[in-house]
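Survey of secondary and tertiary structure
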Amino acid sequence: MLEVNNIDAGYGNMQILWDVSFSVEQGEVVAIVGPNGVGKTTSLRCIAGIVMPWKGNVEFLGSDITGRQTYEIAKMGLAYVTEETNLFTGMTVMENLQMGGLTISGKNEFNNTLDIVFSMFPRLAERRKQYAATMSGGERQMLAIARALMLNPKLLILDEPSMGLSPQNVEIVFDSILNLKSQNVTVLIVEQNVNYTLEISDRGYVLENGKIVMEGKGKDLLSNDHIKNMYLGIA
Amino acid sequence: MEKKGTFDISRLNGYLGKLGLKPLGFLLIILLAVIPLIITDQFWIRLLTSTLMMAALAMAFDFSAGFININNFGLAAFWGLGAYTSGLLAVNLGLSPWLGMLAGALAAAVLGFLVGLLTLRLSGIFASCMTWFVALALMALTTNWVELTRGSSGLSTPYLVDSLSNIPYYYVMLIIAIGVLILLRVITNSHIGMAFKAIGQDKQAAEASGINFVKYRIFNMTLSCALAGLVGGFYAHYTGVITPTMMHTSNTVEALAICYVGGRGSIWGAILSAFILVPAMELMKGMMEVRMIIYGVLLILVMLVYPAGLAGLCNALYKFMKDKGLFRKFGFVSKNVTGRS
Amino acid sequence: MKGMSMGRLIKNRWGVLFLVLILSASLLMMGGCGSGDGDNEASDDKTVKIGVLGPFTGPAARVGEEFKASTEMAFEAVDYQIGDHEIELVWIDSESDAEKAARAYEQAIVKDKIDCGFLNWHSWVSVSCMEVAAKYKIPHFFSIGGTDIVNEKYESDPEKYFYWVGKGWPVPEKLSISYVTTLEEAIDKGIWEPRNKKVAMYGVDNDWGRGFANALRSQFEDAGWEVVSEDWVALGETEFYPMLNKLKSLDVSVIAGTMSDPPSVSSFIKQSREVGLESLIICDGLGWVGEWYDLTGEASDYVIDQIPQWATPEAQKFASEFEERYGLEPGANSGGLCYDLARFLVKVLETCDEQYGDINTENLTKIAKDEVMTGNLTLDDGVMTSVYQYTPETFPDPVVDKEHYIFPVIQYFDGEAKIVWPEEWKEQDLQIPEGM
Amino acid sequence: MDPSQIADPIITGLLRGGLYALMALGLALVFGVMNIPNFAHGDFYMVGAYLAFFSFTAFGLGPILSIIVAMFGAFILGVLVEKGVFYTLRKRSKKNWVMNTFLLTLGISIVLQNSVKMLFGANYRGVTAFWPGTMQIGSINVSIDRIVGFLIAIIAIAGFWVFLSKTKVGRSIRAVSQDETGSQLVGVNLNWIHTLTFGLSCAVAALAGASLLSITPASPGMGLTPLYKSWFVCILVGMGNVGASIWGGLLLGILETFAYMQFGAGWQDAISLAVIILILLFKPSGLFAKKGVKSALE
C-alpha cells in the first residue's frame with residue numbers, strides 16, 4: 001500500500017537520504033530502525049509531504065503522492081504521529097480528537113470512531129475536558145495516537161512513540177500498538193527501542209547513514225549479529 | 001600572498017579594511033567630498049545633504065535591524081529627541097549648536113539605554129513594538145508639552161552656520177555620515193558584530209556559548225539611538241524649525257525602507273540605496289501619491305523577490321567578477337575578500 | 001553566507017532583473033530630471049515664478065485645494081500674463097507642518113528659484129517660513145496665518161522679518177472681540193438671559209487655537225464673564241465625548257473656541273448635540289471649508305461663527321463659478337479670501353511691472369516696502385471684504401474696521417448662515433435655543 | 001464624589017473600547033494564526049470606512065447593508081493580498097518570517113493609503129449619522145450610532161467566539177495557530193485557512209471602520225490611530241490571546257477616557273502609553289498571557 005522508491009532528500013545543501021526504498025503492505029507492522037540522526041524522521045517526512053524528496057517517488061494506495069500537500073495525503077488516509085506529537089496544546093482532549101476527525105463528515109460516523117478510540121484509550125475518555133498542555137508525556141503520546149486514529153487511517157505512521165517516556169508509559173504505548181495490529185491497522189513505526197519494536201513488527205528495515213543497509217522479517221533481524229552488536233548491546 | 005606589482009594597493013586595502021572600507025567605497029567617499037566643487041547648484045547640495053542624512057539614519061537602523069534583529073520602530077523619535085534636545089538647549093540656554101548635537105546624541109543614548117532595558121525580556125517583534133510605543137509616547141509628550149516645546153506649532157532653532165550656502169551643511173553631514181559608516185563597520189566587523197548576529201539569530205544558543213546577551217543588546221540599542229540623536233541634532237540646526245511630526249512613524253518607515261532595499265545587515269547598503277531612493281523620491285515629488293506607492297511596492301518586491309537587497313546584489317557581482325579573475329586583470333587583489341559580506 | 005548569495009542570485013534571475021531595472025530606471029530618472037533642470041535655467045527671465053504656500057496634503061488638504069483653485073482663478077483672469085511677463089505658479093506643500101513647510105519652502109527657493117512667495121494658512125507655518133524668507137530675502141505676500149506669534153516674531157526684528165509682507169488675516173483679538181460684543185448686545189437688549197456668566201474655552205492645540213482662545217478668553221473676562229475651563233485638542237482628534245461630558249457637568253452658558261480641521265470641528269459640533277450640551281457654542285472656523293454642513297447636519301443649528309458672506313453679486317458670481325469649475329463649494333475664508341488676496345497680488349505684480357519694467361525679487365521687495373506697507377496700494381474691489389489695506393502702524397496686520405476688513409458674526413440654521421452682527425448688516429437677531 | 005463622575009467615563013470608555021476590542025481581535029487572529037504582525041491592519045479599517053461611505057451616499061444603501069458591503073469588500077481585498085503577497089513569500093521561504101511579513105505589511109500599508117489618496121484625494125468623507133438620534137444612559141446622552149457601533153462590536157466578537165470554538169473551520173483556525181504541522185497532519189488545508197483568516201481579519205477591521213464612519217470620517221491616513229490602539233490592546237493582554245482582546249479593548253477605552261478627563265484631550269495617548277509600558281515592565285508577556293500560547297517573551 002505504501003511504496004518509497006529510491007528517494008534522495010535533505011535540507012538546504014545537506015543531503016540526508018541516499019537512494020532509500022522501502023514498502024509497507026496492507027495489514028503489516030513495519031519498523032525502521034537505526035541510530036540517531038540517520039534520516040529516519042526525514043524519510044517519514046517525505047512520505048507525509050512535509051519534506052519534498054529531491055529524487056525518487058512515493059506511492060500510496062497505488063497513486064504517486066510525491067509533491068502532494070500534507071493535508072491531501074492525510075485525507076487519503078495516512079496518519080502520521082510525529083516525534084514531537086504536534087498536539088494542539090491550547091485545546092482540550094476532546095477538541096484535539098475533534099480536529100483529528102476533521103475529515104469525517106457524518107456525526108454518527110464521528111461518534112462511532114470516537115467510541116472506538118475511547119475504548120482503546122479509556123484514560124482519554126476520563127480527561128476529555130483537560131487541556132493537552134497540562135498532560136503528562138505518556139498521555140500526550142496516547143492522545144497523539146488517538147488523534148491520528150480519529151482519521152480512520154489506512155496507514156498509521158509512528159515516529160519514536162516511546163521517546164522520553166517512563167518504562168511504564170512505554171509499555172502502555174506498545175500495548176496500544178499491539179492492539180492496533182490486532183485490529184488490522186497497517187503501521188509503519190520508527191523506533192530506537194529496537195528490541196521491542198522488532199518484536200512486534202512483521203518486517204523491518206535498518207537505516208544507517210541515510211541508506212537502507214538491511215531488511216528482513218522482524219524476528220530475523222533480531223537475531224542478526226550486526227543488529228545485536230549495534231543496537232542491542234549483545235556481543 | 002602579496003604580489004609585487006600590487007603591493008601599494010594591498011597596503012591601502014589593509015588600512016581601509018580596518019575601517020571596514022573597500023577601495024571602491026573609499027573612491028566614492030572622495031568623490032562625495034569633492035562634489036561641491038563640481039555641482040554648485042544649491043538644490044543638488046541640499047538634496048545630497050538630505051540623502052546623506054537619510055543614509056545615516058538608515059545605517060543606524062540597520063545596526064539594530066540587521067544585527068540584533070530588532071527593527072527600532074521608534075528611530076524617528078530618537079532622531080526627534082536629538083533635534084529637540086539640541087534645539088531647546090540652543091533656544092533656552094544659548095548652547096552652541098555644535099555642542100547641542102552632542103547633547104542630542106547623549107539624550108537619545110540615555111533614552112535608548114532605557115528602552116534597551118525595557119525591551120530586554122521581549123523578543124524581536126515585541127521589542128520593536130515597545131520602541132514604537134515609546135516613540136509614540138515621546139511624540140505625544142513633545143506635542144502636548146507646549147510650554148516647553150511649543151507643541152505642534154514647531155520650535156524655531158538657530159542655524160548651524162550663518163550662511164546662505166548649503167555647502168557647510170553638506171560637509172558637516174558628510175563627516176557625520178562617514179563617521180557613522182566607519183564606526184558601525186568597524187564594530188560590526190569585529191567580534192562584537194559576530195556577537196550581535198549570534199544573539200539576533202538565537203538568543204539561547206548565543207548565551208550558551210558565553211555571549212553576554214544583556215550587554216550586547218543594550219549596547220546596540222544605545223549606540224543606534226545615539227547616532228539617530230546626533231543626526232537629529234544636526235537636523236534641528238539645518239532646517240531652522242522642528243516639529244513633533246519629525247517623530248512620526250512615517251519617518252522611521254522611510255529609514256527602514258532604505259535600509260531594507262539596501263540590504264539588511266550590510267550597513268553600507270543603506271548608503272547605496274539612500275543615494276538611489278532619496279533623490280528619486282525627491283525628483284518625483286510632483287507625483288505625491290505615486291511616489292509613495294512606488295516606495296511601498298519596492299519594499300514589497302524586495303522582500304518577496306530579493307531580500308539580500310542592493311548590498312547582496314553587489315556582493316554577488318563582486319564575487320562573480322572575482323571568480324572570473326577580473327580583478328586580477330586590473331591589479332586589484334584583495335586580502336580580505338569577505339570583508340564586505 | 002557569501003557562497004550562497006551567488007547561488008541564490010543565479011537561481012533568482014527575476015531578482016536580478018528586477019534590481020537592474022530599478023537601478024537603470026532611477027539612473028534614467030536622475031539623468032532625465034537633471035537635463036530638465038538645465039532647461040529651466042535656460043528659460044528666459046520673463047517668467048515670474050510665484051511660490052504658493054498651502055496645506056495641499058495633510059489634515060487641512062481641503063483648504064489647500066481651495067487655495068489652489070482660487071489662486072488659479074485669479075491668475076487666469078489675467079491669463080497668467082503681467083505686461084510681457086509670464087506667471088508660473090509653484091505649489092509649495094506645507095503639509096500643515098512647520099518643519100516640512102520650511103523644508104519645502106527652502107526647496108522651492110533653491111530648486112525652483114521662485115521670485116516671490118504667496119499665501120499660507122497656518123500661523124506656525126508662517127513662523128517657520130518667515131525665517132526662510134528672511135534668510136533668502138524673498139518677499140512673501142499675504143499669508144493668512146494670523147496669530148500673535150507671527151506679529152511677535154515680526155516685531156522682534158522688523159527689518160529682518162519685513163519679507164513676510166502683510167498678513168491676510170489680523171491677529172485674532174481684532175476679530176474675536178465681535179463675539180463678545182454680539183453676546184453682550186444680545187443680553188443688553190434682553191434677547192438672551194444666560195443662566196450664568198460662565199464660559200468654557202476650547203481650541204485646537206497649536207498657535208492658532210491657543211492664540212485665538214487666549215484672546216477671546218481675556219475679552220470675555222473683561223466683559224465680566226468667568227472662564228471655568230480650557231481644553232486643547234490635537235489636530236485631527238475626532239473623539240469629544242469625554243470633554244463634552246465634562247463641559248456639560250460644568251454647566252456653562254457658552255463654550256467658545258476654534259478648531260481648524262474639518263473632521264475635528266464637525267465631530268465636535270455633532271457630538272456636542274449628541275451629549276445634549278446646553279450651552280451656546282461659538283465655533284470659529286466651522287464654516288471655513290465648504291462642506292461642513294454635510295459632516296455636521298442639523299447639529300450646527302444655533303452655532304455662532306464669524307465668516308464673511310457671499311454678499312455682493314461679484315462674490316456670488318465667484319462662488320458659483322468656483323463650484324462649477326472645481327466641483328467644490330468654496331469656503332468664504334479659504335476660497336474667497338484667497339481669491340481676493342491673489343487679486344491683490346496681481347495688482348502688486350502689475351504695479352511692479354509699471355514702475356520698474358521688470359518683475360523680480362528685488363523690485364517686488366521695493367514695491368512691498370514702498371507701496372504695500374505704506375498703504376498706497378490697496379485692493380478695494382475685494383469680493384469678501386471692503387478694502388484690503390496696510391499701514392505702517394498696523395503692519396503686518398491689515399486695517400480692521402467696518403470700512404476696511406471685518407467679518408460679520410453669523411449664526412447657522414439648516415446649513416445657512418444668518419448675519420447677527422454688526423447692526424448695519426444684520427439679517428436677524430441672535431437666536432437662543434430652548435433651555436439656554 | 002458624584003458617582004456619575006466615575007460612571008460617565010466608564011460608559012464612554014466602554015463604548016469606545018468595544019471597537020478597539022474588535023480591531024484588536026482581527027490583529028490578534030492574524031498574528032496568532034499566521035504569525036504576521038500586521039501593520040496594515042489600520043488600512044483595512046480605512047478601506048472599510050470608504051466602502052461604507054460610498055455604499056451609503058453614492059449608492060444609497062442602508063446603513064446595515066453599507067456596513068456589510070464594507071466587510072465583504074475588505075474580505076475580498078484581504079484574500080487578494082494574502083494570495084498575492086504572503087502566500088508568495090511563504091512559498092519562497094519561511095526564514096525570518098515574522099520580520100519579513102512585518103515589512104511586507106508596511107509596504108501594503110503604504111500602497112493602500114496612497115492608492116486611496118490618489119483615487120479619492122485627501123478629503124474627509126463622512127456621514128452625519130447612520131441612525132440619527134440619541135439615547136440616555138445613566139446621566140449622559142449617547143448617540144444611537146455609538147450604541148449600535150458598540151453592539152455591532154459585541155455581536156461580532158461573540159459571533160467570532162462561537163465560530164472559533166464551535167465550528168469545524170473555526171477549530172481548524174485555532175489548530176493552525178497552535179501547531180501548523182499538526183493541523184496539516186489531520187487534514188487541514190493550511191493555505192486555505194491562512195487566506196480565510198487574513199480575509200476575516202480584514203473584514204473585522206473594515207467592520208470597525210464602517211461602523212465608526214459617522215464618528216470618524218473616512219480619510220486616507222485615518223488608519224494609524226486604530227492600528228496602534230489595537231497593537232496596545234494586543235500587547236497589553238498578551239499577543240495571540242484572541243479571547244482576551246475584548247477585555248484589553250474595554251480596558252484601554254476606559255483608561256483613555258480617564259486620562260482624557262483628568263489631563264485633557266491631548267494627553268490621552270501619552271498617559272495610556274505610559275501605563276501600558278509600566279504594565280509591560282512588570283508583566284512582559286501581557287496581562288492575560290496563557291501558558292502554551294505564543295508570547296512576547298524571548
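Rules and cut-offs
- Counting of residues starts from 1 at the beginning of each chain's written sequence and follows it residue by residue.
- Chain A is the first chain written and ligand 1 is the first ligand written, with later ones labelled in order.
- Local features in this predicted model are restricted to residues of pLDDT 70 or higher, and side-chain atom pairs are both shown and tallied only at a pLDDT of 80 or more, whereas totals for entire chains, interfaces and linings draw on every residue.
- Side-chain numbers come from the whole structure's heavy atoms, not from hydrogens or water.
- Under the DSSP-based scheme used, a helix requires at least four consecutive residues in state H or I and a strand at least two consecutive residues in state E, with every element numbered from the N terminus.
- Three exposure classes are used, based on accessible area relative to the maximum for each residue type with a 1.4 Å probe and protein chains only: buried under 20%, partly exposed in between, and exposed over 50%.
- Throughout, a contact is declared for two residues whenever any of their heavy atoms are within 4.5 Å.
- Accessible areas in this description were obtained via Shrake-Rupley with a 1.4 Å probe; residue shielding takes into account the shown protein chains only.
- What the globule rule says is 2.2 Å times the number of residues to the power 0.38, and the radius of gyration is computed from C-alpha atoms.
- Here the quantity called buried area is the accessible surface, traced with a 1.4 Å probe, that two parts lose on coming together, added over both.
- For salt bridges, the criterion is a side-chain nitrogen of Lys or Arg within 4 Å of an Asp or Glu carboxyl oxygen.
- Any pair of nitrogen or oxygen atoms within 3.5 Å is treated as a polar contact; in protein, a donor-acceptor pairing is required on top of that, and neighbouring residues in sequence qualify only through side-chain atoms on both sides.
- Three categories are distinguished: nonpolar for Ala, Val, Leu, Ile, Met, Phe, Trp, Tyr, Cys and Pro, charged for Asp, Glu, Lys and Arg, and polar for the others, with Gly belonging to the last.
- Pairs of strands are assigned from DSSP output, requiring at least two bridges between the strands.

**Re the overall build of chain B**
- Looking only at helices and strands, one finds 16 helices and 2 strands in chain B.
- Across the 341 residues that make up chain B, the buried fraction comes to 64%.
- Summarising the internal contacts of chain B: among those between residues at least 6 apart in sequence, 80% fall at separations of at least 24.
- Carbon and sulfur atoms form 70% of the exposed surface of chain B, whose accessible area is close to 12,500 Å².

**Remarks on the overall build of chain D**
- The secondary structure content of chain D amounts to 11 helices and 2 strands.
- Secondary structure of chain D in N-to-C order comes out as α-α-α-α-β-β-α-α-α-α-α-α-α.
- Expected size for 298 residues packed as a compact globule is a radius of gyration near 19 Å; at 19 Å, chain D falls within 12% of this value.
- Seen through its principal axes, chain D has C-alpha atoms that stretch 60 × 50 × 35 Å.
- Counting only residues that meet the buried cut, chain D has 63% of its 298 residues in that class.
- Summed over its atoms, the accessible surface of chain D is roughly 10,100 Å², and 70% of this surface lies on carbon and sulfur atoms.

**Considerations on the interface of chain B and chain D**
- Contact with chain B, which involves 42 residues of that partner, is made by 44 residues of chain D.
- Both faces combined, the contact of chain B with chain D buries some 3,900 Å², and carbon together with sulfur accounts for 79% of it.
- Looking at the side of chain B facing chain D, the largest losses of area belong to Phe126, Phe133 and Leu304 of chain B, adding up to 17% of the total buried there.
- Our count for the contact surface shared by chain B and chain D stands at 0 salt bridges.
- Here chain B and chain D share 2 residue pairs in polar contact (both at pLDDT 80 or more) between them.
- Listing elements by their share of the side of chain B that touches chain D, those giving two or more residues are helix 6 (124-144), helix 11 (213-239), helix 12 (249-262) and helix 14 (288-305) of chain B.
- Here the side of chain B that touches chain D takes 14 residues from helix 6 of chain B, the largest share from any one element.
- In terms of residue class, the side of chain B that touches chain D is built from 29 nonpolar, 8 polar and 5 charged.

**Considerations on the sheet that holds strand 5 (residues 140-143) of chain C**
Residue and element names in this part refer to chain C.
- Spatially, 6 strands are ordered 2-3-1-4-5-6 in an open sheet, and the strand pairing comes out mixed. Either end of the sheet is taken by a strand with one partner, and the two such strands are strand 2 (81-82) and strand 6 (164-167).
- Two elements, strand 4 (residues 116-118) and strand 5, share 2 bridges in a ladder whose sense is parallel. Along strand 5, the bridge assignment pairs Phe118 with Phe141.

**Digging into the sheet that holds strand 5 (residues 63-64) of chain A**
All names here are of chain A.
- Taken in spatial order, the 4 strands line up as 2-1-4-5 in an open sheet, and their pairing is antiparallel. Two strands bound the open sheet, and with one partner strand each, they are strand 2 (14-24) and strand 5.
- Here 5 bridges tie strand 1 (residues 2-11) to strand 4 (residues 55-60), and the two strands are oriented antiparallel to one another. If you follow Asn5 over to strand 4, its bridge partner there is Asn57.

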